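An overview of the molecular structure
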Amino acid sequence: MKIAVIGQSLFGQEVYCHLRKEGHEVVGVFTVPDKDGKADPLGLEAEKDGVPVFKYSRWRAKGQALPDVVAKYQALGAELNVLPFCSQFIPMEIISAPRHGSIIYHPSLLPRHRGASAINWTLIHGDKKGGFSIFWADDGLDTGDLLLQKECEVLPDDTVSTLYNRFLFPEGIKGMVQAVRLIAEGKAPRLPQPEEGATYEGIQKKETAKINWDQPAEAIHNWIRGNDKVPGAWTEACEQKLTFFNSTLNTSGLVPEGDALPIPGAHRPGVVTKAGLILFGNDDKMLLVKNIQLEDGKMILASNFFKGAASSVLELTEAELVTAEAVRSVWQRILPKVLEVEDSTDFFKSGAASVDVVRLVEEVKELCDGLELENEDVYMASTFGDFIQLLVRKLRGDDEEGECSIDYVEMAVNKRTVRMPHQLFIGGEFVDAEGAKTSETINPTDGSVICQVSLAQVTDVDKAVAAAKDAFENGRWGKISARDRGRLMYRLADLMEQHQEELATIEALDAGAVYTLALKTHVGMSIQTFRYFAGWCDKIQGSTIPINQARPNRNLTLTRKEPVGVCGIIIPWNYPLMMLSWKTAACLAAGNTVVIKPAQVTPLTALKFAELTLKAGIPKGVVNVLPGSGSLVGQRLSDHPDVRKIGFTGSTEVGKHIMKSCAISNVKKVSLELGGKSPLIIFADCDLNKAVQMGMSSVFFNKGENCIAAGRLFVEDSIHDEFVRRVVKEVRKMKVGNPLDRDTDHGPQNHHAHLVKLMEYCQHGVKEGATLVCGGNQVPRPGFFFEPTVFTDVEDHMFIAKEESFGPVMIISRFADGDLDAVLSRANATEFGLASGVFTRDINKALYVSDKLQAGTVFVNTYNKTDVAAPFGGFKQSGFGKDLGEAALNEYLRVKTVTFEY
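Conventions we followed
Sequence order as written defines residue numbering, which begins from 1 separately in each chain. This being a predicted model, a pLDDT of at least 70 is required before a residue's local features are given, and a value of 80 or more before pairs of side-chain atoms are given or counted; all residues contribute to the totals for chains, interfaces and linings. Where side-chain values are given, they derive from all heavy atoms of the structure, hydrogens and water being excluded. Secondary structure is summarised from DSSP: a helix means a run of H or I of at least four residues, a strand means a run of E of at least two, and numbering begins at the N terminus for each. For the radius of gyration, the atoms used are the C-alpha atoms, and the globule rule reads 2.2 Å times the number of residues raised to 0.38. Burial classes: relative accessible area under 20% of the type maximum marks a residue as buried, over 50% as exposed, and values in between as partly exposed (1.4 Å probe, protein chains only). Working rule for contacts: check all heavy atoms of both residues, and any pair within 4.5 Å makes them a contact. Values of accessible area rely on a 1.4 Å probe in the Shrake-Rupley scheme; residue burial ignores everything except the protein chains shown. At any given residue, the bend is defined as the angle formed between two axes, one fitted to the seven residues that end at that position and one fitted to the seven that begin there. In this analysis, strands are considered paired if DSSP registers two or more bridges between them. Axes here refer to lines fitted to C-alpha atoms; in helices the fit is confined to the stretch in contact. Angles between the N-to-C directions go from 0 to 180 degrees. Classification of ring pairs uses Phe, Tyr and Trp, with its six-membered ring standing for Trp, and accepts pairs whose centres are within 6.5 Å; under 30 degrees between planes counts as stacked, over 60 as edge-to-face, and the remaining range as tilted. The rule is short: NZ of Lys or CZ of Arg within 6 Å of the ring centre and within 35 degrees of the ring normal puts a charge over the ring. Cavity means a closed set of points on a 1 Å grid over the protein atoms alone, one where a 1.4 Å probe fits but cannot get out, pocket means an open set with protein on both sides within 12 Å along at least 5 of 7 lines, and lining means a residue has an atom within 4 Å of a point. Grid points are joined across faces, edges and corners, and a volume is the space filled by probe spheres set on the points. Patches in this entry comprise residues that are over 30% relatively accessible and not in a salt bridge; like charges within 9 Å are linked, as are nonpolar side chains (Val, Leu, Ile, Met, Phe, Trp, Tyr) within 5 Å. Whenever Lys or Arg places a side-chain nitrogen within 4 Å of a carboxyl oxygen from Asp or Glu, that contact is recorded as a salt bridge. Counted charges follow a simple rule, with Lys and Arg positive, Asp and Glu negative, and His plus the chain ends left uncounted. To locate a charge, take atom NZ for lysine, CZ for arginine, CG for aspartate or CD for glutamate. In this scheme the handedness of a crossing depends on how the near helix is turned from the far one: anticlockwise by less than a right angle means left-handed, clockwise means right-handed. Charged means Asp, Glu, Lys or Arg here, nonpolar means Ala, Val, Leu, Ile, Met, Phe, Trp, Tyr, Cys or Pro, and polar covers whatever is left, Gly included. The definition of a nonpolar core used throughout is a set of buried Ala, Val, Leu, Ile, Met, Phe, Trp, Tyr and Cys residues joined through side-chain atoms within 4.5 Å.

**Re the overall build of the protein**
Per the secondary structure count, the protein includes 26 helices and 40 strands. Taken over C-alpha atoms, the radius of gyration comes to 32 Å for the protein, in line with the 29 Å a tight globule of 902 residues would show. A burial count over the protein gives 55% of its 902 residues as buried. Put simply, of all contacts in the protein between residues at least 6 apart along the chain, 70% involve residues at least 24 apart. A total of about 37800 Å² of accessible surface is found on the protein, and carbon and sulfur atoms cover 51% of it.

**Some points on helix α6 (residues 160-184)**
If you look at α6, its biggest bend is around 35°, right at leucine 168, and the proline proline 170 turns up within four residues after that. Taken from the residues just after α6, glycine 186 is the one with a positive phi, measuring 75°.

**Observations regarding the sheet that holds strand β9 (residues 146-153)**
In a beta sheet, neighbouring strands pair by backbone hydrogen bonds and run either parallel or antiparallel. On the basis of which strands lie adjacent, the open sheet formed by 7 strands has the order β3-β2-β1-β6-β7-β8-β9 and mixed pairing. With one partner strand each, in any of the chains shown, β3 (53-55) and β9 form the two edges of the open sheet. Strand after strand, the sheet turns through a mean of 15° between neighbouring axes, direction not considered. Helix-sheet contacts for α6 involve β1 (2-6), β6 (80-83), β7 (102-106), β8 (129-136) and β9, and the interaxial angle to β9 is about 155°.

**Considerations on the packing of aromatic side chains**
In this structure the tally under the stated criterion is 25 aromatic pairs. With 5.0 Å between their ring centres and 75° between their planes, phenylalanine 305 and phenylalanine 306 make a pair best called edge-to-face. Judged by its relative accessible area of 13%, phenylalanine 305 is buried. Consider the rings of tryptophan 582 and phenylalanine 872, whose centres lie 5.1 Å apart with planes at 70°: the pair is edge-to-face. With tryptophan 582 in helix α16 (residues 576-589) and phenylalanine 872 in the loop between β37 (857-860) and β38 (875-876), the pair connects residues that are 290 residues apart, well separated along the chain. Judged on exposure class, the residue tryptophan 582 and its partner phenylalanine 872 are both buried. Counting every residue linked through ring pairs, the aromatic cluster contains Phe11, Tyr105, Phe132, Tyr164, Phe167 and Phe169. Residue placement shows arginine 60 over the ring face of phenylalanine 89; its charged tip is 3.9 Å from the ring centre.

**Concerning the environment of glycine 704**
Tracing the backbone through its elements, the reader meets glycine 704 in the loop between α20 (688-700) and β31 (710-716). Residue glycine 704 is classed as buried on the basis of its relative accessible area, which comes to 0%. Dropping the residues within four chain positions of it, glycine 704 is found in contact with Val699, Ala709, Phe806, Gly807 and Pro808.

**Focus: empty space enclosed by the protein**
The final tally for this structure, using the stated rule, is 4 cavities of 30 Å³ or more. What the largest cavity holds in volume is close to 100 Å³. As for the largest cavity, its lining consists of 15 residues, and the residues nearest its centre are Ala709, Gly711, Glu804, Ser805 and Phe806. Elements represented by at least two residues in the lining of the largest cavity include exactly β31 and β34 (809-815).

**A short note on a negative patch on the surface**
A contiguous patch of negative charge on the surface is contributed by Glu340, Glu342, Asp343 and Asp386. Along the chain, glutamate 342 turns up in the loop between α8 (318-334) and α9 (354-367). Residue glutamate 342 is classed as partly exposed on the basis of its relative accessible area of 42%.

**Some words on the packing of helix α1 (residues 9-21) against α6**
At their nearest, the axes of α1 and α6 sit 10 Å apart, and the two run at 35° to each other. Like other packed secondary-structure pairs, α1 and α6 cross with a definite hand, here right-handed. Taken together, the residues of α6 that come into contact with α1 (itself represented by Leu10, Phe11, Glu14, Val15, His18 and Leu19) are Tyr164, Leu168, Phe169, Gly172, Ile173, Met176, Val177 and Val180. When the residues that make up the contact of α1 with α6 are grouped by side-chain class, the tally is 11 nonpolar, 2 polar and 1 charged.

**Digging into the nonpolar core**
In terms of nonpolar packing, the biggest core is built from 135 residues, with Ile682 and Leu713 touching the most fellow members. The element that contributes the greatest number of residues to this core is α16, accounting for 10 residues. Within the second largest apolar cluster, 36 residues are counted, among which are Val15, Val51, Leu80 and Ile119.

**Digging into the sheet that holds strand β40 (residues 893-901)**
Here 3 strands make up an open sheet; going across it, the order is β23-β24-β40 and the pairing antiparallel. Of all strands in the sheet, those bounded by a partner on one side alone are β23 (544-545) and β40. Where β23 and strand β24 (residues 555-563) come together, 2 bridges link them in antiparallel fashion. The partner of threonine 544 across the bridge, within β24, is leucine 558.

**Focus: the packing of helix α18 (residues 630-639) against helix α19 (residues 652-666)**
Viewed as axis vectors pointing N to C, α18 and α19 meet at an angle of 35°, and their least axial separation amounts to 8 Å. Across from Gln635, Ser638 and Asp639 in α18, the residues of α19 making contact are His657, Ile658, Ser661, Cys662 and Ser665. Its residues assigned to classes, the contact of α18 with α19 shows 2 nonpolar, 5 polar and 1 charged.

These figures capture arrangement, not role.
Below is the structure:
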């Protein structure tokens, strides 16, 4: 049959795969839109098979089906709709369209528990039988005629997860396939649902999951397990909200002796014992809860509720020893060739494969309900002893990768409280610099001191490099799969997104970035960069190469792309977080470890980033951050024999020095993104309005502190005066002010020394005879504000025609009408070649100019349009090597050739 699959999730993916194996033709898959850059598994699988995939956020508007959606669906010619799991409302125009109609999977024995939280309510009501129904869709809510039902026993301690994983998922997949088979054979029944016994319950949400204590112990137990894990049954006790997991009525032999836990409304206080938390119903019978989630989100053993933080030495409790033995039995079942599982038993050396990792994770998660365990945890702790240590830490809520003592500087600003680490970050810990050295970081908006930041010394560099080297050679980072490395990077991107407003606020405070721009660019593009390179982790691959055979033998040659090792990344002050992300994301995706040196004047978002790497579960030592001076920290990184790669963005002068140091020390791999004097050529046949708009952006974007800023505009003579007039008019409209104000166009320059440099730069221009049309002065207010500036009549020999201002200074030169090759010659008459641009409506001219411009990036009828997928880097003395795009990965990889003879 021709089938349209409408739904989502792994369940939907499995049903889709099984239907294709049965020989059915899936003509289209309709699934949910990508979330945070991640596609649903069903859609991913279908795309791999070349099946059309449609991702609609909605199917109707104002109660009416969307005509375009209906038309695209009808064009597929489906004979049956299969809805394995669908969270969207599908209009009847779709449901009724196929010849065989539509069938839906529902995880309860209809007509009982109609609605979206059917599994929850099966448990909450204490049903002894559970199961699923497959029914013919109609215009009611789970009311259609029944096609097929299967039931199972609900065990006393079943949770949503255990019931789903044991029966509803695997048997549900088989049931859907069987239902389609019956339809194809013409044997599918249509049995009207009886209304007797029908129930409908709403979606379970956190706010409705509060425990009612005025009921028997069994009802309380059913409520807790029916809400386990999501949304979680909770109560208020000890002045906080406590959520209970892993409940059981099996209290045989338990004595309620321990510390009392008063619970408002409860029949009796709870009792914290070695086995967990004993609770009482209004019938005086007991139930036991083994895990508690505190209000701050930390999951702990209920038995440890009054014990506070776990000690650094893990001495297992009685309950934990029981868990350890249960886990040992799991290992024994998975590793049948091992006579006895000992602490030194290595999971992989004992014959386990990747499929066994999934099995171990799922069995342990079921054994320790409420525990967050992932595949990479097994790779990180592959011996049984290490695995139990990791498991117990997680059960205690003391995940070693996520816990770190941080001395924050807190500020109430931008209608929020920002929390900023201010120490060095080495080996997963925030620490003071050698000799407790610090330096002030200044708010450029008013010149005030934000805080004292630790100032790294040479010995601190050596410690950070040693931590990165150990993490690379011996740590968990190199043991996990590339795909799991990508998952950690996705998680880091998600955390950056959760903290996006805080990060943007810090950029505004520390770098003077306009807040609205920081949200979109400084932070927004940083998030995009990590997501982009996370996707590359498992796609870095070599090749096989045909070579001359060593006859009569044969040869096979292949290449491998490997991480280079410890990398040093030195970033500038204009885009503190974004430049860090451009380099660090590619570096980590390739599998390296890194020591990051942020600019001394803008260290705070780099340190906040370090904190987020811990929360994401990036292993300790993989990322290290050292605020400090370039002459000390940058120099030591360049000289260090254990650093194998330097990535640098900054001035050409410093770049040359770094390149020399890298050569002399150990011939490090190096990539350099250096200075620029990017030409922008504006022809008379351009869209003048757009040229003015984009010309403004090319110079004044981010206060002119932009490596690819148009350092010189060449404007064709016939439109020169009109262009200048319009630009000056727009400049006078720009609001210069506090970067946190939402209507500010232009914030302060990054730091005082740069402000002074800009004033001197403009004085040069005036002295040499250029016409200062507007600006050129410091704004008379506190802070480091400089007026947006426009110079005209700039001749080629002048200082401002040749040197980069790195500020809000527009340099305009004329060129004669039609003199194409002459203006190209002038545009290329620079030792820099980072970026360039051209505005013209003539496609032939645009192609010719883009061919001739000697720059790493050419913008045509746009400017500043960078993207995470497009390589970025310069020519000539603007450096070499690429950030962003696939090309950036090669900067952090080495190619190994392996040749076999057989």
